[in-house]
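Examining the three-dimensional arrangement
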Amino acid sequence: MKKPDRAIRTKKSNRQTRPGWDEYFITIAKAVSARATCLRRRYGAVITKDHVIVSTGYNGAPAGMKDCLEVNTCTRTELQIPHGERYELCHSVHAEANAIIRASADELKGATIYISGADAGGGECLSEPCMMCKRMILNAGISKVVHADGRGKYHIIKPQDWLKTRV
């Protein structure tokens with residue numbers, strides 16, 4: 001009796017199981033977010049150019065400053081400040097900013113940034129860049145933004161479109 005050929009796969013079926021570039025890099029951004037030191041939300045960013053990782057970043061306190069995990073408190077939570085407001089009171093540098101400052105200007109021109117985040121409970125959250133990060137992305141010359149939508153999918157945006165709506 002002949003055994004079925006289960007080990008044989010066609011090229012087409014291999015492509016179906018292999019993630020595309022956007023899915024691949026957004027998954028890496030999610031892994032980078034595990035290094036974040038924010039008590040409220042953990043974000044990770046990955047910058048790529050020509051499908052090669054140029055830089056990564058996660059949200060956390062500047063080098064040498066105690067982070068929220070170390071002191072076990074969040075100023076914005078203590079003051080009951082909603083998400084997306086009063087960033088100047090936050091001790092963390094955003095994931096996008098950390099990734100941008102670790103790359104050269106040449107690497108950033110025409111690059112793609114991938115952003116993924118999770119809330120304190122570990123659930124995925126909407127990871128659209130804030131206004132401050134949008135301005136940095138535009139100034140850096142990054143040409144594509146891919147961010148998690150909080151529901152297991154992602155959005156692809158051309159930063160130049162932000163100029164039409166006044167960032």
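Residues numbered from 1 in each chain as written. Predicted model: local features only at pLDDT ≥ 70, side-chain atom pairs only at ≥ 80, totals over all residues. Heavy atoms only, no water.

With that out of the way, let us pick up the overall build of the chain. Scanning the chain from N- to C-terminus turns up seven helices and six strands. Start at the N end of the chain and walk to the C end: the helices and strands fall as α-α-β-β-α-α-α-α-β-β-α-β-β. In the chain, 63% of the contacts between residues at least 6 apart in sequence involve partners at least 24 apart. Carbon and sulfur atoms make up 52% of the accessible area of the chain, which totals about 10,700 Å². (Helix = DSSP H or I, 4+ residues; strand = E, 2+ residues; numbered from the N terminus. Contact = heavy atoms within 4.5 Å. Areas by Shrake-Rupley, 256 points an atom, 1.4 Å probe, with all protein chains shown as cover.)

Quick look at the side chain of glutamate 96 now. Relative to the helices and strands, glutamate 96 resides in helix α5 (residues 95-101). With no salt bridge to any partner, buried glutamate 96 finds its closest opposite charge in lysine 134, at an N-O distance of 9.6 Å. Once residues lying within four places of it in the same chain are set aside, the contact partners of glutamate 96 are Ala45, Ile113, Ile115, Pro129 and Cys133. (Buried < 20%, exposed > 50% of the residue type's maximum accessible area, 1.4 Å probe, protein only. Lys, Arg positive; Asp, Glu negative; His and termini not counted. Salt bridge = Lys/Arg side-chain N within 4 Å of Asp/Glu carboxyl O.)

Attention now goes to the nonpolar core. Nonpolar side chains in soluble globular proteins generally cluster together in the buried interior. Within the largest apolar cluster, 19 residues are counted, with the highest numbers of intra-cluster contacts made by Ile47, Ile100, Leu108, Ile113, Ile137, Ile142 and Val145. For this core, the elements supplying multiple residues, two or more each, are β1 (41-49), α5, β3 (112-119) and α7 (131-140). One finds Val32, Val46, Tyr114 and Val146 within the second-largest nonpolar core, a separate group that totals seven residues. (Core = buried A, V, L, I, M, F, W, Y, C linked by side-chain atoms within 4.5 Å.)

On to unusual backbone geometry. In this structure, histidine 51 takes a positive phi of about 65 degrees despite not being glycine. Its location among the elements puts histidine 51 in the loop between β1 and β2 (52-58). Judged by relative accessible area, which is 45%, histidine 51 ranks as partly exposed.

Quick look at the pairing of β2 now. As defined by bridge partners, β1 adjoins β2 across six bridges and the pair is classed as antiparallel. Across the sheet, the residue bridging to glycine 44 is tyrosine 58, located in β2. (Pairing = 2+ DSSP bridges.)

Looking now at the pattern of salt bridges. Under the defined criterion, the tally for this structure stands at four salt bridges. Here aspartate 22 and lysine 144 are joined by a salt bridge, their closest N and O atoms 3.1 Å apart. Remark: lysine 144 occurs in strand β5 (residues 144-148) and aspartate 22 occurs in helix α2 (residues 21-32); sequence separation between them is 122 residues. A residue is classified by how much of its surface remains accessible, and aspartate 22, at 14% relative accessible area, is buried. Relative accessible area serves as the criterion here: at 23%, lysine 144 is assigned to the partly exposed category. Between glutamate 128 and lysine 134 there is a salt bridge, and its shortest N-O distance comes to 3.2 Å.

To continue, consider the confidence of the model for the chain. Residue-level pLDDT values for the chain average 87, and 89% of them are 70 or greater. Within the chain, helix α1 (residues 11-17) has the poorest average pLDDT of any element, 59, and β2 the best, 98. Within the model, the stretch residues 2-10 combines pLDDT values under 50 with one contact to residues more than four positions away or in other chains. (pLDDT = per-residue confidence, 0-100.)

Summed over all chains, the structure comprises four aromatic pairs. With centroids separated by 6.0 Å and ring planes inclined at 75 degrees, the aromatic side chains of tryptophan 21 and tyrosine 24 adopt a geometry described as edge-to-face. Of this pair, tryptophan 21 and tyrosine 24 both sit in helix α2, three residues apart, roughly one helical turn. Tyrosine 24 sits in the partly exposed class, given a relative accessible area of 40%. Among the aromatic side chains, those forming a connected cluster through ring pairs are Trp21, Tyr24, Phe25 and Tyr114. (Phe/Tyr/Trp six-rings, centres within 6.5 Å; stacked < 30°, edge-to-face > 60°.)

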